[in-house]
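Examination of the molecular architecture
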Amino acid sequence: VSIASLRCLPALIEPIVNTMVEQCSDCAAANTGEMLPGPVLLGRRSLSAPVADNGKLDKAIGNGSHEPGLVRAGTQEGLPRAESALPSAGSALSRAGTALQRAGTNLQLQRASTLPTEDRELRHAATMPMTFDVEADRPCCCGLWKLQQMLGFIAGILSLAALVVIRPVQTYPQANDMLGITALCACFWVFEVIPVYMTALFPVVLMPLFKITSSEIAAQAYWNWISLLVVGMFLVDIALEEVHLPRRLALKFLLKTGVVHPAALLACFMGMCWVFSMLLNSIAVTLVITPFAIGLLNAADEQVRDAEAAEAVEAGEPGEQGSGAGSRRNVKDVQKFSDGLLLGIAFSATCGGMATLTGAIPHYFLAGESNLAAHVTWSKWFVFALPVSLVSVMLAFGALCTRYVKSMKFRGITHETLEAEYNDLLNEVGTFSRDELLVGLIQITQVVLLIIRPFAISPFVTTKYDENLVNDATLACAPALLLFFLPSQVRPGQALLTWPAVHEKFDFGLLLLIGGSLAINSGFTQSGLDIAMGNAFAQLVPHLSSLGLNFTIILCVTLCGQIFSGIGIAATLLPVVSSAALQAVVNPLLLLLPAAIASSFAFLLPTATPSNVVVLAKSQDLARSLRFRDFFLNGLPVTLVIIIVGAVLTDIMGALVFDSHSPFPKWACSAEAASCVFVQAPGVVQGQQVDAQACIVDLSSEDATMCRLWNGTMLNLTLVQRVF
């Protein structure tokens, strides 16, 4: 029996028991000849009949011949037993249902009611939902940990101890210690033993103690240009939230288009979230758009119910009795469309985040790879990932439209409802202000600077040796600084963005999380683990085509991302993939591009991406919250198709934008100066004729004079001519 099946039992049993308890409390008033209000027989069947028919009923429940569990209604001896037994049975079933639901949350089957709804807490719960699962049973460590957290703690400690003691890597002894630290962090990240931000501190604590590297070198990974890029982007995002510009733009767009049909409304919301998530981060977009959508949906639900009541009054019937099948169908259609719209917001925000280097957290780990810093720019990634992002959001729209909108009689949200929501916005924040205009212009300036930087800024800001001095961090922070210089019109005496707002909404823990991943990457290099693991993985690389590699990597990362966290998978896997590319002497972009973008192909589980977590938590404000199966049934077809289509598009766009099919490039070799040299060695590499190629130095030898080419040929560095 699966946990998902068990979790369905309380939902099925509790309403039945509660109804019977209520009805049996009124059974004393049901004398002979009166119609009973509901089911009066418990057991294999349920009867609702006049007690005057007790003569027929006696045949069914006569002297010792009645079926087990049947209690005769309308008798003095039957009612007291029923009245005393049913409340206790209902209480027991309710307790059992709660226990089963809590058990479900221990296995990643997150429920909406277990998550916070307040925005400040939800920002953190988006990246670590299991930690914020407040209703889960926590039997371990004096009520501190859930069962899965205890298992993660044991697995992490045992992995570290086993690798330190057994030491499977003989060539590089310290690689065993680094592998143990990585396994410990992976277990703690996946099972959220402690907050994921605190797990990111393990590398800087353990690597010096195991003599892998110094504290100074390990600490350098926690503050670099990637951290400043995050700071610059998030400051502008917070300013946009403060002035409510995305909400105003969304309402204006819907009012101008006059959208009322459910399919068009779903397309508009998904399109807006998709575009906003390219410019902002997906967490901020879902936090802004989801409450706005829920307000519209609740208004539509009230509108349908009011229309039903009006029709009932005109027909001269009481409200509930006057609600026919068509009216009930309209209410169900609204609830059904609510599920589809919230899922559309989550899926489109995730898809939009794929398109930009700053739209999804795992992309920061890619940008932090030392050998890619100058080549994976914001503009190049946008061109590369936009087709994949566009196809994925279209697939998501098609899946949701087919499941929720097809054959729906609900006509959509009326223009009057949209106007009422806009009036609420006016009452809350006022008319369009100079603050919104300035913040919008700063956001546009930031995006434009990031797009034009590679060809319009960096070439003109260089050293005398033509080394670039400006990267994306500078251009992200420059517009963000303006927010603190420009005065606010809405809040006289204050700037457009204030420090209290930053302190409340900025996720500083994200900087630790990114730093921990980069520290692990540094430890791989310092310990030699990158060479050891790269050699093992590199044996598979030459046997697969570029398309086969893309498909294999995307499939593995996507499956792991559904079960665990895409953030944790990217933090752990990208350093390994980078090392494998070096040891296989293949272009690192050939492996890293599909691995990075596949970390966002997580649609199956409500905890797979931050957007899913936010939408799941906010759905508590609806008449019916989203459920696990809502995500799974709708995300399954999207995931299956995007794995195949994504592999093809990644292979094509990677070759067009980054030239990922080319042999191991010079820039990648120069970034790995200690282990890679470019030598004059004419030959054929990956089907291309070259005059010089990369040669990976064998650091395991004492004098490090031998190196290996792509085809496995060993060269003596003292006998070949180096290009650099």
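Rules used in this analysis
- Residues numbered from 1 in each chain as written.
- Predicted model: local features only at pLDDT ≥ 70, side-chain atom pairs only at ≥ 80, totals over all residues.
- Heavy atoms only, no water.
- Helix = DSSP H or I, 4+ residues; strand = E, 2+ residues; numbered from the N terminus.
- Contact = heavy atoms within 4.5 Å.
- Areas by Shrake-Rupley, 256 points an atom, 1.4 Å probe, with all protein chains shown as cover.
- Pairing = 2+ DSSP bridges.
- Axes fitted to C-alpha atoms, helices over the stretch in contact; angles between N-to-C directions.
- Expected span 1.5 Å × (residues − 1).
- Buried < 20%, exposed > 50% of the residue type's maximum accessible area, 1.4 Å probe, protein only.
- Disulfide = S-S within 2.5 Å.
- Salt bridge = Lys/Arg side-chain N within 4 Å of Asp/Glu carboxyl O.
- Phe/Tyr/Trp six-rings, centres within 6.5 Å; stacked < 30°, edge-to-face > 60°.
- Polar contact = N/O pair within 3.5 Å; in protein donor to acceptor, adjacent residues only side chain to side chain.
- pLDDT = per-residue confidence, 0-100.
- Parallel < 35°, antiparallel > 145°, perpendicular 65-115°, else oblique.
- Left-handed = near helix turned anticlockwise from the far one by under 90°.
- Nonpolar A, V, L, I, M, F, W, Y, C, P; charged D, E, K, R; others polar.

Quick look at the overall build of the chain
Tallying secondary structure elements over the chain gives 28 helices and 4 strands in all. Across the chain, the fraction of contacts at a sequence separation of at least 24, relative to all contacts at a separation of at least 6, is 72%. For the chain, the computed accessible surface area is about 31000 Å², with 63% contributed by carbon and sulfur atoms.

Structural notes on the sheet that holds strand β1 (residues 676-685)
The strand order β1-β2-β3-β4 describes an open sheet built from 4 strands, whose pairing is antiparallel. Each edge of the open sheet is held by one strand with a lone partner, namely β1 and β4 (714-716). The mean inter-strand angle of the sheet, taken between neighbouring strand axes irrespective of direction, is 40 degrees. Where strand β3 (residues 706-708) and β4 come together, 3 bridges link them in antiparallel fashion. When the sheet's bridge partners are listed, Arg 708 is paired in β4 with Met 714.

Topic: helix α21 (residues 509-527)
Taking 1.5 Å per residue as the helical rise, α21 with its 19 residues ought to reach 27 Å, and the 27 Å between its terminal C-alpha atoms agrees with that figure. Counting buried residues along α21, 16 of its 19 residues qualify, which places the element largely inside the surrounding structure. Phi turns positive one or two residues past the end of α21, at Gly 528, with a value near 85 degrees.

Structural notes on the state of the cysteines
Evaluated as defined, the whole model comprises 2 disulfides. One disulfide bridge connects Cys 669 with Cys 676, the sulfur atoms lying 2.0 Å from each other. Torsion about the S-S bond of the Cys 669 and Cys 676 cystine: about -110 degrees, corresponding to left-handed handedness. Here the two residues Cys 669 and Cys 676 agree in accessibility, since each one is buried.

Let's talk about the pairing of strand β2 (residues 688-697)
Within β2, 7 of the 10 residues are buried, leaving the element largely enclosed by the surrounding structure. The pairing of β1 with β2 spans 8 bridges and is antiparallel. Across the sheet, the residue bridging to Gly 683 is Val 690, located in β2. Counting the residues between successive antiparallel strands, the hairpin from β1 to β2 contains 2 residues, one of them, Gln 686, with a positive phi of roughly 50 degrees. Pairing analysis gives 2 bridges linking β2 to β3, with the strands arranged antiparallel. Note that in β3 the partner of Val 697 across the bridge is Cys 707.

Quick word on the pattern of salt bridges
Enumeration according to the criterion identifies 6 salt bridges in this entry. Salt-bridge contacts for Arg 453 lead to Asp 472; the nearest nitrogen and oxygen are separated by 3.2 Å. Taken together, the residues Arg 453 in helix α18 (residues 434-457) and Asp 472 in helix α19 (residues 472-482) connect sequence positions 19 residues apart. Judged by relative accessible area, Asp 472 falls into the buried class, the value being 2%. Each of the salt bridges in this network shares a partner with another, and the network as a whole consists of Arg 247, Glu 421 and Glu 428.

Remarks on the packing of aromatic side chains
Counted according to the given criterion, the structure contains 11 aromatic pairs. Between Trp 145 and Phe 153, the ring centres sit 5.0 Å apart and the planes meet at 40 degrees, which makes this aromatic pair tilted. Judged by relative accessible area, which is 11%, Trp 145 ranks as buried. Their ring planes at 35 degrees and their centres at 6.1 Å tell us that Phe 153 and Phe 188 sit as a pair that is tilted.

Let's talk about unusual backbone geometry
A positive phi angle is found at Lys 211, which is not glycine, with a value near 60 degrees. Position of Lys 211 relative to the elements: it lies in the loop between α8 (202-209) and α9 (215-220).

Brief notes about the environment of Phe 210
Tracing the backbone through its elements, the reader meets Phe 210 in the loop between α8 and α9. Leave out the neighbours within four places in its chain, and Phe 210 touches Leu 160, Val 164, Gln 174, Asp 177 and Ile 181.

Digging into the side chain of Gln 693
Of note, Gln 693 is situated in strand β2. Polar side-chain contacts of Gln 693 include one of 2.8 Å to the backbone oxygen of Ala 681.

A few points about the confidence of the model for the chain
Here the chain averages 77 in pLDDT, while 74% of its residues score no lower than 70. Per-element confidence in the chain is highest for α8, whose mean pLDDT is 94, and lowest for helix α2 (residues 54-60), whose mean pLDDT is 41. Confidence drops under pLDDT 50 across residues 1-13; counting only partners more than four residues distant or on other chains, this segment forms 16 contacts. Confidence drops under pLDDT 50 across residues 98-109; counting only partners more than four residues distant or on other chains, this segment forms 34 contacts.

A closer look at the packing of α18 against α19
Their axes nearest at 9 Å, the elements α18 and α19 cross at an angle of 155 degrees. Taken together, the axis directions place α18 and α19 in an arrangement best described as roughly antiparallel. In the crossing of α18 with α19, the sense of the turn from one axis to the other is right-handed. Together, Ile 442, Gln 446, Leu 449, Leu 450, Arg 453 and Ile 457 of α18 and Asp 472, Leu 475, Ala 476, Pro 479 and Leu 482 of α19 make up the contact between the two elements. Looking at the contact of α18 with α19, its residues break down into 8 nonpolar, 1 polar and 2 charged.

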